[in-house]
Every structure is written in structure tokens, then in C-alpha cells.
Amino acid sequence: KKLQNSEKMFNVLTILVDSVSLKGFKRILPHTFDYIVNKMKNTIKYDNFHSVGENTLPNLVTYLTGLVVDDNDDLDINNEIEHFKKLDETYYDYLPYIWNTFERLGYLTIFQEELASFGPFNYFNNGFRFSPTTFYGFLFNLGLEHIKQVPSHCYNYQPAYMKFFDQYKSIMDK
């Protein structure tokens, strides 16, 4: 159902921290965990989110699409991945991402990775042909990787991820 302008649209924010278990996250970032779980309203945490592949890409694809694929695209439940690959096998635009559903419902969508060249869709892959979401930070990340700044992965001596959060928070506040 498409939301009407008069209906309240809630923000949906998903933060995936790769290679860190829930227990590790609680131990390493206890204040962040407390803030997300206890201070943010209507927060859902996944206590039983498990890996389905050996690295980030298959886990991320499964989370964002509901489709299961292994690292070599060999595991294809019901040939779902193969069906979508026929549409465009060079880039990752072909998959039915959850953000597509949100965009059809009138939401602004954002996909942000920490690094452009090492992001799961771009590391030894072609990434996306078109921007997958309303706001996509790939080009900003790519620019950061090609300019010399001290310390690295910073923008005006601020960690790049803080710049992303500030920018996206200003979008969500509108």
C-alpha cells in the first residue's frame, strides 16, 4: 500500500557491523549498544542473526534481499538468484533489494559503506551501474580514498563515518 502524504512515515535505519558478533559488539562498544537498545525508540536488535556465507557479500545480499547465495553464487535456492542475474549479470542492480520496496512506498533510501574500493559490492566486483538508493555514498567514499588526508578515512579531520551520519541525520530530520 502506498502511503498517503497525511500518513505518518517512520524512519527505518539499519546499521550492519560486519565481522563482529553481538557479544563482541556489547563488549567493545557498550555505550553505543546501550544507546541503540535503550535510548532509541522502537529499536529491534537481532539476537539470532547468523552468517550464511564466508564473507560480507553473501551475508549482506541475504539480509537485503531475502535470497540465499554463497560466495561463488553456487548455492541458489529455487534458482532465484539465476532468475535475477538474467536481467543484468555484470552489476548488482538486478537483485530485489528491500530498499526498492521502501522507495515504492515513498521513503528516501540510503546505502552507505565504509570504503568504496573495499565495499562488498565493489571489491573484485563491478558494484552498481545505477545508484541503488536515493542517497548512495560511493562517490564520496571514492573521493576520500583518492585525496591525501591525515589521518586517512577522515574528512576535514573528522572520521568519515561521522560525516555520513551527520548528513543522513539532517536528511531524516526534514
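Please refer to the structure placed before this passage.
Worth saying up front: this structure is predicted, and the values here are computed from it rather than measured. Residues take numbers from 1 onward in each chain, read along the sequence in its written order. Thresholds applied to this predicted model are a pLDDT of at least 70 for local features of residues and 80 or more for the giving and counting of side-chain atom pairs; totals over whole chains, interfaces and linings are not thresholded and use all residues. With hydrogens and water excluded, all non-hydrogen atoms of the structure serve as input to the side-chain values.

(A) Representation of the overall build of the protein chain. Regarding its fold elements, the protein chain presents seven helices and four strands. Secondary structure counts use DSSP, requiring at least four H or I residues in a row for a helix and at least two E residues in a row for a strand, with both numbered from the N terminus. Written out in order from the N terminus, the α and β elements of the protein chain read α-α-α-α-α-β-β-α-β-β-α. When contacts within the protein chain are restricted to residue pairs at least 6 apart in sequence, those whose partners lie at least 24 apart make up 53%. Of the roughly 12,800 Å² of accessible surface on the protein chain, 55% is carried by carbon and sulfur atoms. For this analysis, residues touch if any pair of their heavy atoms sits within 4.5 Å. In short, Shrake-Rupley with a 1.4 Å probe defines the accessible areas, and a residue's cover is counted only from the protein chains shown.

(B) Spatial organisation of the pattern of salt bridges. Only one rule defines a salt bridge in this text: a Lys or Arg side-chain nitrogen within 4 Å of an Asp or Glu carboxyl oxygen. Summed over all chains, the structure comprises one salt bridge. Its salt-bridge partner being D34, residue K39 comes within 3.2 Å of it at the nearest N-O pair.

(C) Quick look at the environment of S19. Topologically, S19 is positioned in the segment before α1 (22-28). Sequence spacing of S19 and N55 is 36 residues, and the spatial spacing of their C-alpha atoms is 8.5 Å.

(D) Quick look at the packing of aromatic side chains. Pairs were defined over the aromatic rings of Phe, Tyr and Trp, the Trp ring being its six-membered one, requiring ring centres within 6.5 Å. Orientation was assigned from the angle between planes: stacked under 30 degrees, edge-to-face over 60, tilted for the rest. If you walk through the whole model with that rule in mind, you get 17 aromatic pairs. On the basis of an interplanar angle of 25° and a centroid distance of 6.2 Å, the ring pair of Y92 and Y94 is categorised as stacked. Each of the two residues, Y92 as well as Y94, counts as buried. The interplanar angle of 90° and the centroid separation of 5.1 Å between the aromatic rings of F102 and Y107 together place this pair among those described as edge-to-face. By way of ring pairs, the aromatic residues Y92, Y94, Y97, W99, F111, F121, F128, Y136 and F138 are connected into one cluster. The classification of residues rests on relative accessible area computed with a 1.4 Å probe and restricted to protein chains. Under 20% of the type maximum is buried, over 50% is exposed, and intermediate values are partly exposed.

(E) Main features of the side chain of T109. By the secondary structure assignment, T109 is in the loop between α5 (98-104) and β1 (110-111). For the purposes of these results, a polar contact is taken to be a pair of N or O atoms within 3.5 Å, where, inside protein, one atom must be able to donate a hydrogen and its partner to accept one; residues adjacent in sequence count only when each atom of the pair is a side-chain atom. Side-chain polar atoms of T109 contact the backbone nitrogen of T134, separated by 2.9 Å. Not counting the four nearest positions on each side in its chain, T109 is found in contact with W99, F102, E103, T133, T134 and F135.

(F) Looking closely at the nonpolar core. Put simply, buried Ala, Val, Leu, Ile, Met, Phe, Trp, Tyr and Cys residues joined by side-chain atoms within 4.5 Å make one nonpolar core. L64, Y92, L95, Y97, F111, F121 and F128 are the most contacted members of the largest nonpolar core, which has 13 residues in total. Of all the elements, helix α3 (residues 56-65) adds the most residues to this core, at four residues. In contact with L64, other than residues within four places in its own chain, are P96, Y97, I98, W99, F111 and F121. Core analysis: the next-biggest nonpolar cluster, separate from the first, contains five residues, L144, A160, Y168 and I171 among them.

(G) Looking closely at unusual backbone geometry. The backbone phi angle of F124 is positive, close to 60°, even though this residue is not glycine. Looking at where F124 falls in the secondary structure, it is placed in the loop between β1 and β2 (135-136). Take F124: its relative accessible area is 74%, and that puts it in the exposed class.

(H) Structural detail: a nonpolar patch on the surface. On the surface, a nonpolar cluster with roughly 1,000 Å² of combined accessible area is contributed by L13, I15, V17, V20, I28, L29, Y35, M40, Y161, M162 and F165. Ranked by residue count, the leading element in the nonpolar patch is helix α7 (residues 160-173), at three residues. Positionally, Y161 belongs in helix α7. Exposure above 30% relative accessible area and no salt bridge define the residues that can form patches, which grow by joining like charges within 9 Å and nonpolar side chains of Val, Leu, Ile, Met, Phe, Trp and Tyr within 5 Å.

(I) The environment of E103, seen in detail. Position of E103 among the secondary structure elements: in helix α5. Judged by its relative accessible area of 30%, E103 is partly exposed. Taking the C-alpha atoms as reference, E103 lies 8.1 Å from T134; in sequence the two are 31 residues apart. When residues no more than four places from it in sequence are discounted, the contact partners of E103 are T109, P132, T133 and T134. At 3.1 Å, the side chain of E103 forms a polar contact with the backbone nitrogen of T134.

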